[in-house]
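Residue-level structural notes
Residues per chain, in single letters:
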Amino acid sequence: MSISFLFRRVAMLQQPHIHAFSTSVVLFKGKNTGGGKLKTSKHILSDADLSASSSDWPSLKAQYDKLLIELHELYSKQIQLRTSSLAFEELSVILPPHNKAHQLKELTQIIQKSPQMFMIDMTRHAQYIPNVLEAIHKSGLNVNPQQDGTTLYLPTPKVTREHREELAKSAKKLADQIVVKMREAYSKAHRNLKKQEKSLSQDLVIDLDANLKHRLDGYITQVEKIRSEKQKELLDSTF
């Protein structure tokens, strides 16, 4: 549907005693009070038309694309059968007093003592040891750190079936977190759109919101595909 058609439709909807008619496709279904199916028809807009009609879409699309990249990076760094130093170096650690996130490599150097052991010397920042330990436990790396004074030893787990299953669970957890962020971004756009009901027709607001929800569903499908492929790789690998 072209932008000019959309604007003509807006004008028609805003005139009294005129009912707009258009061809459409079904995006959503809901139940009516009679127990049957109530079909709500909405136009699927192109990216260009949706961007022209909703100032929220370009920002939303950028956020969704960024979150997909973030998921790929998290899987690359944290969800691996063999843990690398990079997974620890870029681990996000929340530090007081402002609860600001820092990467672990900003605090210290991660040394690989053997193929199965990493070491972290926290002598210079001993006060942050509890914060580092908390970050490691929450990372999903399935690592059980051992403390000896201001030194932390990080034994990497053996590649067992149990380890693969734990990584698969962590992969799902990270994917779920990405979906939550996507839904939060859509909810903000939804609220912004509802505020425009005084300047736009209600039908147009419903159309635009349905398009934004349709795009969200598409991105969630991409997240699920990435998650499914990662879990299959972990569980089926002969590594």
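Residues numbered from 1 in each chain as written. Predicted model: local features only at pLDDT ≥ 70, side-chain atom pairs only at ≥ 80, totals over all residues. Heavy atoms only, no water.

Here we look at the packing of helix H6 (residues 161-194) against helix H7 (residues 202-236)
Between H6 and H7, the shortest axis-to-axis distance is 10 Å and the interhelical angle comes to 170 degrees. In this view, H6 runs roughly antiparallel relative to H7, as classed from their interaxial angle. When grouped by side-chain class, the residues that make up the contact of H6 with H7 number 19 nonpolar, two polar and nine charged. (Axes fitted to C-alpha atoms, helices over the stretch in contact; angles between N-to-C directions. Helix = DSSP H or I, 4+ residues; strand = E, 2+ residues; numbered from the N terminus. Parallel < 35°, antiparallel > 145°, perpendicular 65-115°, else oblique. Nonpolar A, V, L, I, M, F, W, Y, C, P; charged D, E, K, R; others polar.)

Some points on the nonpolar core
Counting 34 residues, the largest nonpolar core has Tyr-64, Tyr-75, Met-182, Leu-212 and Val-223 as the members making the most contacts within it. Of all elements in the fold, only helix H3 (56-78), H6 and H7 reach the threshold of two or more residues within this core. The leading source of residues in this core is H6, at twelve residues. With sequence-adjacent residues up to four places away left out, Val-223 is seen in contact with Leu-68, Leu-71, Ala-175, Ile-178, Val-179 and Met-182. (Core = buried A, V, L, I, M, F, W, Y, C linked by side-chain atoms within 4.5 Å. Buried < 20%, exposed > 50% of the residue type's maximum accessible area, 1.4 Å probe, protein only. Contact = heavy atoms within 4.5 Å.)

Side note on unusual backbone geometry
Here the residue pair Pro-96 and Pro-97 is connected by a cis peptide bond, since its omega of 5 degrees sits within 30 degrees of zero. Inspection of the secondary structure puts Pro-97 in the loop between strand S3 (92-95) and strand S4 (100-103). At Asn-99, a position not held by glycine, the phi torsion is positive, near 55 degrees. By secondary structure assignment, the location of Asn-99 is in the loop between S3 and S4.

A look at the sheet that holds strand S5 (residues 110-114)
Taken in spatial order, the four strands line up as S5-S6-S8-S7 in an open sheet, and their pairing is antiparallel. Of all the strands in the sheet, the pair left with one neighbour each is S5 and strand S7 (146-148). Each strand of the sheet is rotated relative to its neighbour by a mean of 25 degrees, with strand direction disregarded. Bridge count between strand S6 (residues 117-121) and strand S8 (residues 151-155): five bridges; the pairing is antiparallel. (Pairing = 2+ DSSP bridges.)

A closer look at the confidence of the model for the protein
The share of residues in the protein with pLDDT of 70 or more is 81%, and the mean pLDDT across the chain is 82. When pLDDT is averaged over each element of the protein, S7 comes out on top at 96 and strand S1 (residues 25-31) at the bottom at 39. With pLDDT under 50 throughout, residues 1-41 is counted as low confidence; its partners more than four residues away or in other chains account for 55 contacts. (pLDDT = per-residue confidence, 0-100.)

Points about the pattern of salt bridges
Oppositely charged side chains may form a pair once their charged atoms are brought near each other. Following the criterion strictly, the structure yields 13 salt bridges and no others. Across the pair Asp-47 and Arg-215 runs a salt bridge, and its minimum N-O distance is 2.4 Å. Here Asp-47, found in helix H2 (residues 47-53), pairs with Arg-215, found in helix H7; they are 168 residues apart in sequence, far enough to count as distant. According to the relative accessible area criterion, Asp-47 is partly exposed, its value standing at 35%. (Salt bridge = Lys/Arg side-chain N within 4 Å of Asp/Glu carboxyl O.)

Details of the pairing of S3
The side-chain alternation of S3 yields one buried face, formed by Val-93 and Leu-95, and one unburied face, formed by Ser-92 and Ile-94. Hairpin connection of S3 to S4: four residues between the antiparallel strands, including Asn-99 at a positive phi of 55 degrees.

Section: the side chain of Thr-156
Mapped onto the elements of the fold, Thr-156 is located in the loop between S8 and H6. Not counting residues within four places of it along the chain, the set of residues in contact with Thr-156 comprises Thr-83, Pro-115, Gln-116, Met-117 and Phe-118.

Overview of the packing of H3 against H7
Their axes nearest at 11 Å, the elements H3 and H7 cross at an angle of 5 degrees. As summarised for this structure, H3 and H7 are arranged roughly parallel, according to the angle between their axes. Contacts between H3 and H7 involve Trp-57, Leu-60, Lys-61, Tyr-64, Asp-65, Leu-68, Leu-71, His-72 and Tyr-75 on the former and, on the latter, Leu-212, Arg-215, Leu-216, Tyr-219, Gln-222, Val-223, Ile-226, Arg-227 and Lys-230.

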